[in-house]
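Structural description and commentary
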Amino acid sequence: MSRTVLVTGGTGLVGKAIEAVISEKQSKDERWIFVGSKDADLTNINSSRALFEKHKPTHVIHLAAMVGGLYHNMGNNLDFLRKNMQMNDNVLLLCHEHKAKAVSCLSTCIFPDKTPYPIDETMIHSGPPHDSNYGYSYAKRLIDITNRAYHDQHGDLFTSVVPCNVFGPFDNFTPGVSHVIPGMIHRLHEIMYLKDPEKQQDEKVFPVYGTGKPLRQFIFSEDLAKLIIWVLRSYDSVSPIILSVDEEAEVSIAQLAESIAKSFEFKGKLIFDDSYADGQYKKTASNAKLRKLRPDFRFTDFDAAIQRTVDWYLKNYDQARK
Ligand code: NAP
Ligand code: GDP
């Protein structure tokens, strides 16, 4: 049977990566439609309903969300809560009405703050999230609850994936809004090429926000895209699945800064500005469930993926979201 796959948030970091993977290897039984906020405001039920009526999806990858890094979350918990709850409620209701399979996106940053490690899929609701992003976290946790309720009451197949911190081409590099990788890329580029032109490169200083000690797992958007496509086609359980690199691939913010500096061939000095918050110290997630189902999957080497992201930013500087 042929499928119509609607990707909400199709113009963002993850959506663009899925589009790139699909365009390389198309299936003749699938029609893919990628939409952004210009196509429909998913916080509005009438606009959302018109979108679903237009495309009549059989499958939905629901990526659309208000998304941001630590500092954006800290000041906007109410907006993160309400906008994401509204979008998720509208999209899942319409998936139900259209009898579509839904794959929605949670995040490893919604897990409890005080928790044993590594965290796994059974622990999403086991305690309050970190104070910095409780709005985003509770809105995302409700997707899992909603999925279960639609399944229990109506038999719908709604599931969710739980990625760790994502990066790659088409990320949001906007200062104050972005996650750490696009944030650092944007700032280092400014320091090297736009600020203090009178200074030699080896005299320049790159301030990393926070102590540099927090640990994070990062997944390249292309790897995540391949895994989400696999979930859409082959994973038929309501239970969430963590899509993360291995625990051993976790890096400190300081190691990340060094990798980005190396990709830019930065010759100056890195310093740590601990007047900025560190956020949660770590969120180490287990990908054992994924590894069991996809033992064959190979993640892109971290430094190579950082280099590809920096190269993309330099090449697409004018169009990049910043
Ligand atoms: P992104 O680059 O910021 O893209 C967000 C997408 O949502 C864009 O396509 C945007 O459309 C769309 N959108 C926002 N508000 C909308 C609205 N009111 N109506 C319709 N569309 C709207 O985000 P991303 O990083 O790709 O994130 C994709 C998913 O992964 C999200 O659910 C996010 O929570 C999850 N996730 C992300 C990370 C990460 O590190 N980035 C980590 C874990 C999970 P426009 O382009 O038109 O604005
Ligand atoms: P999180 O992983 O959900 O906490 O969000 P981020 O992707 O924003 O990462 C936040 C971590 O990176 C914190 O430990 C910050 O102190 C650190 N960090 C260092 N430099 C930056 C930066 O330029 N932007 C952001 N967002 N975080 C930074």
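The structure we're discussing is the one just above.
Heads up: these notes are all about the structure in this document. (Residues numbered from 1 in each chain as written. Chains lettered and ligands numbered in written order. Predicted model: local features only at pLDDT ≥ 70, side-chain atom pairs only at ≥ 80, totals over all residues. Heavy atoms only, no water.)

1. As for the environment of V103
Note the cut-off: Secondary structure elements follow DSSP: runs of H or I of four or more residues count as helices, runs of E of two or more count as strands, with numbering from the N terminus. Residue exposure (1.4 Å probe, protein chains only): buried if accessible area is under 20% of the type maximum, exposed if over 50%, otherwise partly exposed. In this description, contact between two residues means that some pair of their heavy atoms is separated by no more than 4.5 Å.
As for its position among the elements, V103 is in strand β4 (residues 101-105). Residue class for V103 comes out buried when judged on its relative accessible area of 2%. Distance from V103 to Y276, taken between C-alpha atoms, is 35 Å for residues 173 residues apart in sequence. The contacts of V103, once residues within four sequence positions are left out, are V60, I61, H62, T159, V161, V231 and L232.

2. Brief notes about the site of ligand 1
Worth spelling out the cut-off: Whether a residue is near a molecule or strand depends on its heavy atoms: if one lies within 4 Å, it is near. For this analysis, a polar contact is any N or O atom pair within 3.5 Å, provided that within protein one partner can donate a hydrogen and the other can accept it, and provided that sequence-adjacent residues contribute only side-chain to side-chain pairs. Accessibility throughout is a Shrake-Rupley quantity obtained with a 1.4 Å probe, and a residue counts as covered only by protein chains that appear here. Under the scheme applied here, ten amino acids are nonpolar (Ala, Val, Leu, Ile, Met, Phe, Trp, Tyr, Cys and Pro), four are charged (Asp, Glu, Lys and Arg), and all others, including Gly, are polar.
T11, S37, Y136, K140 and R321 are the nearest of the 28 residues found near ligand 1. In this structure, T11 approaches ligand 1 through a side-chain N or O atom, which is 2.6 Å from an oxygen atom. Within the side chain of S37, an N or O atom sits 2.6 Å from an oxygen atom of ligand 1. The fraction of the free accessible surface of ligand 1 (900 Å²) that becomes covered by protein chains is 87%. Mapped onto the shell around ligand 1, the elements with two or more residues apiece are α1 (13-24), α5 (134-154) and β6 (165-167). A breakdown of the residues in the shell around ligand 1 according to their chemical character gives 15 nonpolar, ten polar and three charged.

3. Description of the pairing of β4
Put simply, the rule is: One requirement defines pairing of two strands: DSSP has to find at least two bridges between them.
Most of β4 is tucked away, with five of its five residues classed as buried. Burial of β4 is two-sided: the residues K101, V103 and C105 facing one way and the residues A102 and S104 facing the other way are all buried. Two elements, strand β3 (residues 59-62) and β4, share four bridges in a ladder whose sense is parallel. Paired with V60 across the strands is A102, a residue of β4. Pairing of β4 with strand β5 (residues 158-163), which is carried by four bridges, proceeds in the parallel orientation. In the sheet register, C105 faces β5, and the bridge partner there is V161.

4. Focus: the environment of Q217
With respect to the element layout, Q217 can be found in the loop between β8 (215-216) and β9 (218-220). Excluding anything up to four places from it in sequence, Q217 contacts C164, N165, S244, V245, D246, E247, E250, K283, T284 and A285. Only 3.4 Å separates the side chain of Q217 from the side chain of S244, close enough to count as a polar contact. A distance of 3.3 Å separates a polar side-chain atom of Q217 from the backbone oxygen of V245.

5. Section: the site of ligand 2
Ligand 2 sits among 19 residues. The nearest are L70, V180, R216, A277 and D278. Residue L70 places a main-chain N or O atom 2.8 Å away from an oxygen atom belonging to ligand 2. Contact between ligand 2 and A277: an oxygen atom at 2.9 Å from a main-chain N or O atom of the residue. Burial of ligand 2 by the protein chains amounts to 95% of its free accessible area of 550 Å². The set of elements that each furnish at least two residues to the shell around ligand 2 consists of α3 (70-75), α6 (180-194) and β7 (205-209).

6. Looking at the packing of α1 against helix α7 (residues 221-234)
Heads up, the rule is: In this description, a line fitted to the C-alpha atoms serves as the axis of each element, helices being fitted only across the stretch in contact, and the angle between N-to-C directions of two axes falls anywhere from 0 to 180 degrees. Angles are sorted into four bins: roughly parallel if under 35 degrees, roughly antiparallel if over 145, roughly perpendicular if 65 to 115, and oblique for all others.
Viewed as axis vectors pointing N to C, α1 and α7 meet at an angle of 75 degrees, and their least axial separation amounts to 8 Å. Considering their axes alone, α1 and α7 lie roughly perpendicular with respect to each other. On α7, the residues touching L13, V14, A17, I18, V21 and I22 of α1 are S221, E222, L224, A225, K226, I228, I229 and R233. Considering only residue class, the contact of α1 with α7 consists of ten nonpolar, one polar and three charged.

7. Some remarks on the pattern of salt bridges
What counts here: In what follows, salt bridge is the name for a side-chain nitrogen of Lys or Arg lying within 4 Å of a carboxyl oxygen of Asp or Glu.
Applying the stated criterion to the full structure yields twelve salt bridges. In this structure, K101 and D236 form a salt bridge, with 2.8 Å as the shortest nitrogen-oxygen distance. Linking K101 in strand β4 with D236 in the loop between α7 and β10 (241-243), this pair joins segments that are 135 residues apart in sequence. Given the relative accessible area of 7%, K101 is considered buried.

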